[in-house]
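Single-letter residue listing:
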Amino acid sequence: MFKKILIANRGEIALRIIRTCKEMGIKTVAVYSTADKDSLHVRFADEAICIGPPPSKESYLDIPRIISAAEITNADAIHPGYGFLSENSKFSGICAENGIKFIGATPDQIDGMGNKAQAKITMEKAGVPCVPGSKGLITDLDDAKKTAKNIGYPVMVKASAGGGGKGMRMIPSEDQLEELLDSAKRESAASFGNDDMYMEKFIEEPRHIEIQIIGDQTGNACHLSERDCSVQRRHQKLVEEVPSPFMTKKLREKMGEAAIKASKAVKYEGAGTVEFLVDKHRNFFFMEMNTRIQVEHCVTEEVVGFDLIREQIKVAAGFKISGKNYLPQLHAIECRINAEDPLNNFRPSPGKIVNFHAPGGHGIRLDTHVYSGYSIPPNYDSMIAKLISVAQTREEAIAKMKRALDEFIIEGIKTTIPFHLKLMEDPTFITTGVTTKFLEVTEFDYSDMK
Ligand code: MV4
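Rules used throughout
Residues numbered from 1 in each chain as written. Predicted model: local features only at pLDDT ≥ 70, side-chain atom pairs only at ≥ 80, totals over all residues. Heavy atoms only, no water. Helix = DSSP H or I, 4+ residues; strand = E, 2+ residues; numbered from the N terminus. Buried < 20%, exposed > 50% of the residue type's maximum accessible area, 1.4 Å probe, protein only. Polar contact = N/O pair within 3.5 Å; in protein donor to acceptor, adjacent residues only side chain to side chain. Near = heavy atom within 4 Å. Areas by Shrake-Rupley, 256 points an atom, 1.4 Å probe, with all protein chains shown as cover. Nonpolar A, V, L, I, M, F, W, Y, C, P; charged D, E, K, R; others polar. Domains from an automatic or database assignment. 1 Å grid on protein atoms, 1.4 Å probe; cavity = no way out; pocket = protein on both sides within 12 Å on 5 of 7 lines; lining within 4 Å. Points joined across faces, edges and corners; volume = space filled by probe spheres on them. Salt bridge = Lys/Arg side-chain N within 4 Å of Asp/Glu carboxyl O. Contact = heavy atoms within 4.5 Å. Buried area = accessible area lost by both parts, 1.4 Å probe.

What is the right way to look at unusual backbone geometry in this model?
With an omega of -5°, the peptide bond running from Y153 to P154 counts as cis. Turning to its location among the elements, P154 is positioned in the loop between α7 (141-151) and β6 (155-163). Of note, the bond from V242 into P243 is cis; its omega dihedral lies within 30 degrees of zero at -5°. As for its placement among the helices and strands, P243 is situated in the loop between β11 (236-242) and α9 (249-265). Here the phi dihedral of H235 falls at roughly 65°; this positive angle occurs in a residue that is not glycine.

Printed below as a string of structure tokens:
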């Protein structure tokens with residue numbers, strides 16, 4: 001087992017990883033920018049090294065500084081958390097070259113899944129259902145026209161280097177194909193320095209349902225059920241839950257099996273997520289595979305009963321998994337609490353928290369790095385806490401969440417708490433759960449939030 005792990009991250013996930021390391025008897029090294037000197041991950045780690053000024057590029061994304069910190073402190077592994085360098089193939093490779101275990105995917109796996117058109121080909125070969133579309137990349141306008149005619153409009157063009165909605169367009173008919181394809185290409189070139197595109201049939205009002213998997217170094221893999229992440233705004237997840245209100249026993253079996261095929265196809269080692277689009281007939285299609293621990297991993301932990309960071313560390317150290325799958329024993333919901341103003345287009349609201357009271361009680365978990373008197377720097381992601389409720393049923397989990405949101409006091413900044421309170425009372429959310437279209441403009445009224 002590792003003796004010392006450097007955590008190449010900040011915020012709640014850095015703290016989350018430190019907690020598990022402590023329980024496992026593993027020493028921890030925090031790295032931090034000057035903006036984070038008063039952060040809890042710095043305080044609770046065994047050692048802490050300042051790696052630079054506030055901008056991420058000069059601190060949490062600066063590979064030489066992080067590797068130097070690991071060498072100086074003699075860390076034998078690095079946990080990258082999510083975001084930052086967690087899916088950076090160069091970083092994964094450099095860790096390996098320096099004899100430091102990267103707790104995450106190999107460079108090949110990261111690059112293989114990062115190229116979306118390539119990933120789709122890999123998955124199709126492995127027998128994972130994919131959205132009907134182009135075989136690999138679109139070569140030119142003529143090819144695009146032919147492919148779209150074949151699939152049938154509406155279609156979607158997506159950036160092969162993309163993900164998270166950038167460089168993606170829905171094309172309703174042929175007369176708009178050229179213009180929309182060009183604008184998608186321009187957006188992709190500007191964001192990723194690459195304008196490779198592929199095409200798919202457009203799935204109307206899909207749900208976003210993902211499967212958590214774990215693979216070990218012997219090529220064995222298991223799944224830990226789904227997470228429904230359909231409550232999204234501009235491709236940012238706001239709420240995640242398990243079980244999905246749309247799930248059936250049969251669908252879970254089929255999606256779980258597909259996710260395991262996906263994992264085995266790339267000999268995946270560690271914790272990963274296979275994302276699917278699910279249509280109203282419960283057809284499901286591979287969308288992306290994430291080769292990292294995700295923000296929303298906590299809901300899975302609460303319903304299957306184990307610590308996913310611990311499992312990640314164990315498989316990275318060479319432990320084998322049993323190979324059996326895990327089904328939800330309870331219902332869990334997570335609300336992302338962001339320092340944003342939901343009444344002003346979710347505009348970031350950094351600043352000093354002048355008063356903070358954490359909710360608690362039965363079935364409530366709060367993962368956060370903030371406290372009363374803490375100043376949220378403007379340089380990073382606006383998520384400041386994850387509030388998770390766990391209960392026997394969905395109805396109870398919603399009731400607990402409402403109660404906890406109501407107890408939650410954060411003063412001095414705007415947060416998404418009022419949004420979540422309103423969502424927990426929304427009839428569509430309560431009865432059936434929502435599709436990914438739910439928060440897009442029309443269906444949700446933000447005006448009467450307090
Ligand atoms: C789609 C789709 C409909 N049809 N693909 C958005 C992010 C990117 N990872 C894939 N996305 C979508 N791909 C086809 N063929 C609709 C979306 C989509 C979406 C997907 C998941 C969660 C939220 C979404 C919001 C808008 C569009």
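What is the right way to look at the side chain of S225 in this model?
Considering the arrangement of structural elements, one finds S225 in strand β10 (residues 221-233). With relative accessibility at 0%, the residue S225 sits in the buried group. Among the polar contacts listed, one links the side chain of S225 to the backbone oxygen of Y326, at a separation of 2.6 Å.

Sorry, what's going on with the site of the ligand here?
What surrounds the ligand is a group of 17 residues, the closest being K158, E200, K201, I203 and E288. Between K201 and the ligand, the recorded distance is 2.7 Å, taken from a backbone N or O atom to a nitrogen atom. E288 places a polar side-chain atom, nitrogen or oxygen, 2.9 Å from a nitrogen atom of the ligand. Look at the ligand: alone it shows 520 Å² of surface, and the protein chains cover 91% of it. Across the shell around the ligand, the residue classes break down as 7 nonpolar, 6 polar and 4 charged. Both of domain 2 (132-201) and domain 3 (207-440) provide at least three residues apiece to the shell around the ligand.

Please explain empty space enclosed by the protein as it appears in this structure.
Over the atoms, a rolled probe matching the size of one water molecule traces out where space is still vacant. Here the structure, examined in full by the defined rule, presents 3 cavities of 30 Å³ or more. Each pocket or cavity is described by its volume, and for the largest cavity that value is around 60 Å³. Looking at the largest cavity, the residues that line it are R207, D228, S230, V231, V239, E240, E241, P245, F429, G433 and V434. Elements with a minimum of two residues in the lining of the largest cavity: β10 and β11. Taken together, the residues of the lining of the largest cavity break down into 5 nonpolar, 2 polar and 4 charged.

I keep staring at the pattern of salt bridges and nothing clicks. Help me out?
All chains considered together, the criterion is met by 30 salt bridges. Between R10 and D36 there is a salt bridge, with the nearest N and O atoms lying 2.7 Å from each other. Linking R10 in the loop between β1 (4-7) and α1 (11-23) with D36 in the loop between β2 (27-33) and α2 (40-44), this pair joins segments that are 26 residues apart in sequence. Here D36 falls in the buried class, since its relative accessible area comes to 1%. One network of salt bridges, in which partners are shared, links E210, R227, K237, E240, E275, E296 and R336.

Could you clarify how one ought to interpret the domain arrangement of the protein in this entry?
A common way to report how large an interface is uses the accessible area buried once the components associate. As assigned here, the protein comprises domain 1 (4-103), domain 2 (132-201) and domain 3 (207-440). For domain 1 versus domain 3, the separation of C-alpha centres amounts to 23 Å. With 33 residues of domain 1 at the contact, the number on the domain 3 side is 29 residues. Carbon and sulfur atoms supply 57% of the area buried between domain 1 and domain 3, which totals about 2300 Å² over both sides. The partner of E12 in a salt bridge is K386, and the shortest N-O contact between them spans 3.0 Å. It is α1 that contributes the most residues to the side of domain 1 that touches domain 3, 9 residues altogether. For the side of domain 1 that touches domain 3, the class distribution of residues is 15 nonpolar, 10 polar and 8 charged.

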